[in-house]
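# Secondary and tertiary structure notes
Each chain, letter by letter, is given below.
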Amino acid sequence: MGHDAVVGGADDGAAGFEASLVADGVTFDGRDAALLRAIAAAGSVSGAAAELGRSRARALSRLETLEGAFGDLVDRRRGGAGGGGSRLAENATALLARFDRLTAALAGTAGATESVFEGVVTGRDGELALVDTDAGAVRALAVGDPTPATGDRVQVSVRADAVTLHDPTETPSPDATSARNRFEGVATAVDRGDAVVDVHIDVGANATLSALVTVDSADRLGLTVGSDVVVSFKATATRATVTTAGGGDGEAE
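Our subject in this report is the structure included herewith. These figures come from a predicted structure and were not determined experimentally.

So, about the packing of aromatic side chains. Within this structure, the stated rule accounts for 3 aromatic pairs. Centroid distance Phe28 to Phe70: 5.9 Å. Interplanar angle 65°. Geometry classified as edge-to-face. You can see Phe28 sitting in strand S4 (residues 26–28) and its partner Phe70 sitting in helix H3 (residues 56–70), a full 42 residues away along the chain. Phe70 shares its class with Phe28; the two are buried. Taken together, the aromatic side chains of Phe28, Phe70 and Phe99 make up a single cluster linked through ring pairs.

Before going further, it helps to examine unusual backbone geometry. Between Asp145 and the following residue, Pro146, the backbone shows a cis peptide bond with an omega angle of 15°. Positionally, Pro146 belongs in the loop between strand S9 (136–142) and strand S10 (153–159).

Axis angle and axis distance: for two packed helices, these are the angle between their axes and the distance between the axes, and together they describe the pair. Packing of helix H1 (residues 30–42) against helix H2 (residues 45–52) leaves a shortest axis separation of 8 Å and a crossing angle of 120°. Between H1 and H2, the crossing angle belongs to the class labelled oblique. H1 and H2 meet at a crossing whose hand is right-handed. Counted together, Ala34, Leu35, Ala38, Ile39 and Ala42 of H1 and Val45, Gly47, Ala48 and Leu52 of H2 form the full contact between these two elements. Of the residues assigned to the contact of H1 with H2, the class counts are 8 nonpolar, 1 polar and no charged.

For the structure on display, the rule yields 6 salt bridges. Between Asp219 and Arg192 there is a salt bridge; the shortest N-O distance is 2.9 Å. Placement of the pair is Asp219 in helix H5 (residues 215–221) and Arg192 in strand S12 (residues 181–192), with a sequence separation of 27 residues. Residue classification places Asp219 among the partly exposed residues on the basis of a relative accessible area of 45%. Of the residues examined, Arg192 reaches a relative accessible area of 46% and is grouped as partly exposed.

Along the chain, Val230 turns up in strand S15 (residues 228–233). Classification of Val230 as buried rests on a relative accessible area of 7%. If we ignore the near neighbours within four places in the chain, the residues touching Val230 are Thr164, Leu165, His166, Pro168, Thr171, Arg182, Phe183 and Glu184.

With their axes 11 Å apart at the nearest point, H1 and H3 run at an angle of 110° to one another. Considering their axes alone, H1 and H3 lie roughly perpendicular with respect to each other. As for the relative orientation of H1 and H3, their crossing is left-handed in sense. Contact residues: H1 offers Asp32, Leu35, Leu36 and Ile39, while H3 offers Ala59, Arg62, Leu63 and Leu66. Residue composition of the contact of H1 with H3, grouped by class: 6 nonpolar, no polar and 2 charged.

What follows is about H2. In an α-helix, one turn spans 3.6 residues; hence positions three or four apart end up facing the same way. Restricting attention to buried positions, one finds in H2 the residues Val45, Ala48 and Ala49. Down the axis of H2, the buried set is contained in an arc of 100°. They therefore lie on one face. What points out from H2, more than 90 degrees from its buried face, is the exposed set Ala50 and Glu51. Against the buried residues of H2 lie H1, H3 and strand S6 (85–88). You can read the cap of H2 off the contacts: a side-chain oxygen lies 2.9 Å from the backbone nitrogen of Gly47, and it is on Ser44.

Mapped onto the fold, Thr238 is located in strand S16 (residues 238–244). With near-sequence residues (within four places) excluded, Thr238 lies in contact with Val138, Arg139, Ala140, Leu141, Val156, Ser157, Val158, Asn181 and Phe233.

With that out of the way, let us pick up the sheet that holds S16. Taken together, 5 strands build a closed barrel; the order of strands is S7-S8-S9-S16-S10 and the barrel is mixed. Pairs of neighbouring strands in the sheet enclose a mean axial angle of 55°, with direction left out of account. Across 6 bridges, the pairing between strand S7 (residues 114–125) and strand S8 (residues 128–133) is antiparallel. Bridge assignment links Gly119 to a residue of S8, and that residue is Thr133.

A word on the sheet that holds strand S11 (residues 164–166). Whether parallel or antiparallel, the strands of a sheet pair through hydrogen bonds between backbone atoms. Spatially, 5 strands are ordered S11-S15-S12-S13-S14 in an open sheet, and the strand pairing comes out antiparallel. Each edge of the open sheet carries a strand with a single partner, namely S11 and strand S14 (209–214). Ignoring which end each strand starts from, the neighbouring axes of this sheet average 45° apart. Here 6 bridges tie strand S13 (residues 196–202) to S14, and the two strands are oriented antiparallel to one another. Its bridge partner being in S14, Val196 is matched across the sheet by Thr214.

Cut-offs and rules
Residues numbered from 1 in each chain as written. Predicted model: local features only at pLDDT ≥ 70, side-chain atom pairs only at ≥ 80, totals over all residues. Heavy atoms only, no water. Phe/Tyr/Trp six-rings, centres within 6.5 Å; stacked < 30°, edge-to-face > 60°. Helix = DSSP H or I, 4+ residues; strand = E, 2+ residues; numbered from the N terminus. Buried < 20%, exposed > 50% of the residue type's maximum accessible area, 1.4 Å probe, protein only. Axes fitted to C-alpha atoms, helices over the stretch in contact; angles between N-to-C directions. Parallel < 35°, antiparallel > 145°, perpendicular 65-115°, else oblique. Left-handed = near helix turned anticlockwise from the far one by under 90°. Contact = heavy atoms within 4.5 Å. Nonpolar A, V, L, I, M, F, W, Y, C, P; charged D, E, K, R; others polar. Salt bridge = Lys/Arg side-chain N within 4 Å of Asp/Glu carboxyl O. Arc of directions from axis to C-beta. Polar contact = N/O pair within 3.5 Å; in protein donor to acceptor, adjacent residues only side chain to side chain. Pairing = 2+ DSSP bridges.

Have a look at this one:
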């Protein structure tokens, strides 16, 4: 099964983050970890769903989705003399351990690096601004006072924990993901920690793009300095703020 490299999704509210693991386009996050832990404690999917205030049908559907990407997670036992129930598979225990290590590592990088690009707003679509940068067009939330308008020179920022890296040969189609910002690049720095790797990618912009990925993901991608990668990130995890209003070719303040 193919894996994308990601360690966390920046909170759409701005400063926070949520640890997450991605496989085959499916994200495993804190809600999924809570579901597995509840199944382990309750001994059944029904009991776990009730404890979490979710429907059994929705819990089962989510498990099916997760298992399609991450492999078997729950051993389900039919009723009988010993009774039925469910317990976590070894794969689920390993997945939770990976998630916990990632959460701990991210706790030490709560002020995750932001990459900042310069560009000019070429259009607006509701709350989103389309920004022309050296790397190409970037979709970002238009924030601040004043709110970016067409022609404004802006800075576009994206948190390292909101960036996903893909193998160029296994990149999902644009229609298969909600991350509409996508660029080809080359890794210029790969700084490995115990659980997290800080990667800098040259995407042709005025600055390198930073990404935080798990050690497992970096190894699967074979990430080294000089590796070709495809980067993607959601518009909702990206902020455009005005540096110079109007004209588009004034000096940035």
